[in-house]
Amino acid sequence: MSDIESQIKEEVAENKILIYGKGTKQAPQCGFTAETIQFFSKYGYPFELINVLDNMPKREALNKMTNWPTLPKVFIDGKFYGDTDILDEMENKGEVEPLLKTAFGE
Amino acid sequence: MISIEDLVGLVTSKISDAEVNVMDKTGMKDHFIIHVTSSIFKDMDLMARHRAVQEILTPAMQDGRIHAAEIKTATPD
């Protein structure tokens, strides 16, 4: 496994809510990344945004690991959940709140 | 840029019973919201549904005809 993949695995393990996206929390560089930040800000749990905008090798590793071609990519409690397209549909079915509660051990 | 007819055709060519609703988010024919309703989604979980639609769109995403696509999936109830 390449060091990029092990770095990703570490980051995923260290952050209960982790977003790989374009830009930073203060300056998202893409509408979908901004939407994902707003999505999680609503819930009030801490989340991490890792900027991979200019890191093509890491983006390719992420694409391969998740079989998901686009950014942002969201991991919750170590599991991959795609992006807000998925999370919005999960939210409509009331699946996000319990997921975050278990992730943060409530 | 891709026309809405071509985009709908791209999806229905792969999911024959798909009902496809497309909204052009910016009027520039490259940022879309795409709702796909099909019975094939019945036994597919959310992730699998979105992967299936993404796979269909990949050629048009890679050559730049589509810049961004927001995907929603549903089954005909």
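Refer to the structure presented above.
What comes next is a walk through the structure. Small disclaimer: the values here were computed from a predicted structure and weren't measured.

Rules behind the numbers
- What you see as residue numbers is a count from 1 along each chain, following the sequence as written.
- Think of it this way: whatever chain is written first is A, whatever ligand is written first is 1, and the rest follow in order.
- Totals for whole chains, interfaces and linings use all residues, but because this is a predicted model, local features are given only for residues with pLDDT of at least 70 and pairs of side-chain atoms are given and counted only at 80 or more.
- The basis for the side-chain values is all heavy atoms of the structure; hydrogens and waters are excluded.
- To obtain each axis, a line is fitted to C-alpha atoms, and for helices this fit is confined to the stretch in contact; angles are then taken between N-to-C directions over 0 to 180 degrees.
- Runs of H or I in DSSP of at least four residues are treated as helices and runs of E of at least two as strands, each being numbered from the N terminus.
- For any pair of crossing helices, the crossing counts as left-handed if the nearer helix is rotated counterclockwise from the farther one by less than a right angle, and right-handed if it is rotated clockwise.
- Contacts are residue-level and defined by heavy atoms, with any inter-residue pair within 4.5 Å sufficient.
- Amino acids are sorted into nonpolar (Ala, Val, Leu, Ile, Met, Phe, Trp, Tyr, Cys and Pro), charged (Asp, Glu, Lys and Arg) and polar (every other residue, Gly among them).
- Buried area counts how much accessible surface, traced with a 1.4 Å probe, disappears from two parts once they are put together, with both parts' losses summed.
- Only one rule defines a salt bridge in this text: a Lys or Arg side-chain nitrogen within 4 Å of an Asp or Glu carboxyl oxygen.
- A 3.5 Å cut-off defines polar contacts: any pair of N or O atoms within that distance qualifies, except that in protein one atom must be a possible hydrogen donor and the other a possible acceptor, and neighbouring residues in sequence count only when both atoms are side-chain atoms.
- Strands were regarded as paired on the criterion that DSSP finds at least two bridges between them.

1. Details of the packing of helix 4 (residues 84-92) of chain A against helix 2 (residues 46-62) of chain B
(1) Moving on: Helix 2 of chain B packs onto helix 4 of chain A with a crossing angle of 145 degrees between their chain directions and a minimal axis gap of 10 Å. As helix 4 of chain A runs across helix 2 of chain B, the sense of the crossing is right-handed. Side by side, helix 4 of chain A and helix 2 of chain B meet where Asp85, Ile86, Glu89 and Met90 of chain A of the first sit next to Leu46, Met47 and His50 of chain B of the second.
(2) Moving on: Within the contact of helix 4 of chain A with helix 2 of chain B, the residues separate by chemical class into four nonpolar, one polar and two charged.

2. Topic: the interface of chain A and chain B
(1) Moving on: Listed per partner, the contact involves 17 residues of chain A and 13 residues of chain B.
(2) Moving on: It is Phe32, Asp85 and Glu89 of chain A in chain A that bury the most area against chain B; as a group they hold 43% of the surface buried on that side.
(3) Moving on: Linking chain A with chain B are one salt bridge, by the criterion used here.
(4) Moving on: With a shortest N-O distance of 3.6 Å, Asp88 of chain A and Lys72 of chain B are connected by a salt bridge.
(5) Moving on: Here chain A and chain B share six residue pairs in polar contact (both at pLDDT 80 or more) between them.
(6) Moving on: Among the elements of the structure, helix 2 (31-41) and helix 4 of chain A are those that each provide at least two residues to the side of chain A that touches chain B.
(7) Moving on: Looking at the side of chain A that touches chain B, the element that brings in the most residues is helix 4 of chain A, giving six residues.
(8) Moving on: Residues belonging to the side of chain A that touches chain B are distributed by class as follows: seven nonpolar, five polar and five charged.

3. Observations regarding the sheet that holds strand 3 (residues 73-76) of chain A
Residue and element names in this part refer to chain A.
(1) Moving on: Within the open sheet, the four strands sit side by side as 2-1-3-4. Their pairing is mixed. The open sheet terminates on both sides in strands that have one partner only, identified here as strand 2 (48-51) and strand 4 (79-80).
(2) Moving on: With four bridges connecting them, strand 1 (residues 17-21) and strand 2 associate as parallel partners. The residue of strand 2 that forms the bridge with Tyr20 is Ile50.

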